[in-house]
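# Close look at the chain arrangement
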Amino acid sequence: WSAGHLIGIQDIELQFTGELLEQPLELGAARLTIKAAPGQKPIIVFRPELKGSGDADKQMIRLKCGSSGKILFQGVEFRMELPTEASYGWSLFAIYQMQALELTDCILTIKDVGSTGVPMQTQVAFFALQPRRITDAMKMMEDDMRMIPAMGVNLSRCIARGDATFLMATEESPLKVVWSQGLLVTTQRLVETEGSPLRPSEFGRLDIDLDHVTAIIPQGLYSMKRRPANAYQLKADIRCRNSLLQTNAESPLFEFADLSSVDDVKLAFSGEGNLYPRTKGIFLRFRPSSRGEPTVVFDQDPRPRWSSE
């Protein structure tokens, strides 16, 4: 598994059924396929400990494959069992730089149970998008995103379950997530972002495409709370087809915070054939950056300006 042992290897077949306990690892191959052998059901388990662990130890699989790197997982189950002591900043997959990550017929589980039986960790994600290094070429472009290619995360027939946000980005960069035929059961959201320090290009977006996905997302589908250090944000272009989206009654499907005006909300939501178990849900909640300004809530019906569903 270690990066040093994968030089020149492009295919790994896991010929076992059951659990294999692993330490956090890093993958840096340009092209790599890791799949279950025929008839086998491998389960890769991470049980990290807090003793002396830094941020890198809180990232179970670090993906540093370069802008043309592509990794495929097929028929593999991954499980992260978190410590019972309170901490923050955990991820099953930490994406630094790559072209595409693909998962087919995979199961992702995050277990966070403290001594009292309730989750103890905060800022936990199945996929955590890491800030990209700004190269000299990018600096010459006046800190914009024209030089940054979009990364892809593609899932097919996958299950993700646990006390975690599905995808988290403290600094946004162009990304396209495609999930077809899936199940997400979490106590959090599908996507959380915090804006970007770089000016987005005209075509730089956060593209989310769900098709035949059942999502139990109590906190909502998407949240963007811009940090003070991030002056910009990418437009969120979200499409859902034939999917079921269930949130808590008090949680909006979309939430934007710390923007100066509701006109700064950059969102396009489209879809068809979707189901919402709650007939009177909240479509979007806007929390302005100025203190004293009221929070604005937009209901599901009638459809507000950001939706063409």
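Residues numbered from 1 in each chain as written. Predicted model: local features only at pLDDT ≥ 70, side-chain atom pairs only at ≥ 80, totals over all residues. Heavy atoms only, no water.

### Quick notes on the overall build of the protein chain
Selection rule: The numbering of helices and of strands both runs from the N terminus, where a helix is a DSSP run of H or I of at least 4 residues and a strand a run of E of at least 2. Only the C-alpha atoms count toward the radius of gyration. The rule for a globule is 2.2 Å times the residue count to the power 0.38. Relative accessibility decides the category of a residue: with a 1.4 Å probe and only protein chains considered, values under 20% of the type maximum give buried, values over 50% give exposed, and everything between is partly exposed.
Within the protein chain, the secondary structure is distributed over one helix and 24 strands. Over its C-alpha trace the protein chain gives a radius of gyration of 19 Å, about what one expects of a compact globule, namely 19 Å for 309 residues. With the C-alpha coordinates of the protein chain rotated into their principal frame, the extents come out at 55 × 50 × 40 Å. Considering the protein chain as a whole, with its 309 residues, one finds that 50% of them fall into the buried category.

### A few points about the side chain of T165
Test applied: What makes two residues a contact is simply this: any of their non-hydrogen atoms within 4.5 Å.
As for its position among the elements, T165 is in strand β14 (residues 165-169). Apart from residues no more than four positions distant in its own chain, T165 is found in contact with V124, A125, F126, Q188, R189, L190, V191 and E192.

### Comments concerning empty space enclosed by the protein
Rules: Residues are said to line a cavity or pocket when one of their atoms sits within 4 Å of a point; the points come from a 1 Å grid over protein atoms alone, cavities being sets where a 1.4 Å probe fits but cannot get out and pockets being open sets with protein on both sides within 12 Å along at least five of seven lines. Grid points are joined across faces, edges and corners, and a volume is the space filled by probe spheres set on the points. Only Asp, Glu, Lys and Arg are considered charged, only Ala, Val, Leu, Ile, Met, Phe, Trp, Tyr, Cys and Pro nonpolar, and every remaining residue, Gly among them, polar.
One pass over the full model with this rule turns up one cavity of 30 Å³ or more. For the largest cavity, the calculated volume is near 90 Å³. L245, Q246, T247, S251, L253, Y276, P277, R278, G281, I282 and Q300 together form the lining of the largest cavity. Residues that form the lining of the largest cavity fall into these classes: five nonpolar, five polar and one charged.

### Focus: the nonpolar core
Soluble globular proteins: nonpolar side chains tend toward being buried together. Put simply, the test is: Among buried residues, the Ala, Val, Leu, Ile, Met, Phe, Trp, Tyr and Cys ones that are joined through side-chain atoms within 4.5 Å form a nonpolar core.
If you look at the biggest cluster of nonpolar residues, it comprises 74 residues, and the most contacted ones within it are F93, F127, F166 and F254. Sequence-distant contacts of F166, that is, excluding residues within four places in its chain, are made with F126, F127, L155, A160, V177, W179, L184, R189 and L190.

### Concerning the sheet that holds β14
Our working definition: Note: two strands are recorded as paired if DSSP finds a minimum of 2 bridges between them. Each axis is a line fitted through C-alpha atoms, and for a helix only the stretch in contact is used; angles between axes span 0 to 180 degrees, taken between their N-to-C directions.
Overall, mixed pairing links the ten strands, which are arranged β3-β6-β9-β12-β14-β16-β18-β21-β23-β24 in an open sheet. Edge strands, defined here as strands with exactly one partner in the open sheet, are β3 (25-27) and β24 (296-299). Direction aside, neighbouring strands of the sheet carry axes that sit 20° apart on average. Two elements, strand β23 (residues 282-288) and β24, share four bridges in a ladder whose sense is antiparallel. By the bridge assignment for β24, L284 is matched with F298.

### Looking at the pattern of salt bridges
Here is the rule we go by: Just to be clear on terms, a salt bridge is a Lys or Arg side-chain nitrogen sitting within 4 Å of an Asp or Glu carboxyl oxygen.
Overall, the coordinates contain 22 salt bridges when judged by the stated rule. Here E81 makes a salt bridge to R79, at a shortest N to O gap of 3.0 Å. Looking at R79, the relative accessible area reads 15%, which means it is buried. Put simply, E171 and R227 hold a salt bridge, and the shortest N to O gap is 3.8 Å. Of this pair, E171 sits in the loop between β14 and β15 (175-186) while R227 sits in the loop between β18 (220-225) and β19 (235-241); the two residues are 56 residues apart in sequence, bridging distant segments of the chain. What makes E171 partly exposed here is its relative accessible area of 22%. Three or more residues joined by partner-sharing salt bridges are found here, namely E19, R47, E77, R79, E81 and R161.

### A look at the pairing of β14
Taken across its five residues, β14 has five buried, putting it largely inside the fold. As paired elements, strand β12 (residues 122-129) and β14 share four bridges and run parallel to each other. Note on β14: the bridge partner recorded for A125 is T165.

### Some points on the state of the cysteines
Note the following rule: Only a pair of cysteine sulfur atoms within 2.5 Å counts as a disulfide in this structure description.
This structure, assessed with the given rule, holds zero disulfides. Between C106, a free cysteine, and C158, which holds the nearest cysteine sulfur, the sulfur-to-sulfur gap is 4.8 Å. Classification of C158 as buried rests on a relative accessible area of 2%.

### Overview of the environment of D299
Residue placement: D299 occurs in strand β24. In the structure, D299 is positioned 31 residues away from A268 in sequence and 16 Å away in space, judged by C-alpha atoms. The contacts of D299, once residues within four sequence positions are left out, are G281, F283 and P304.

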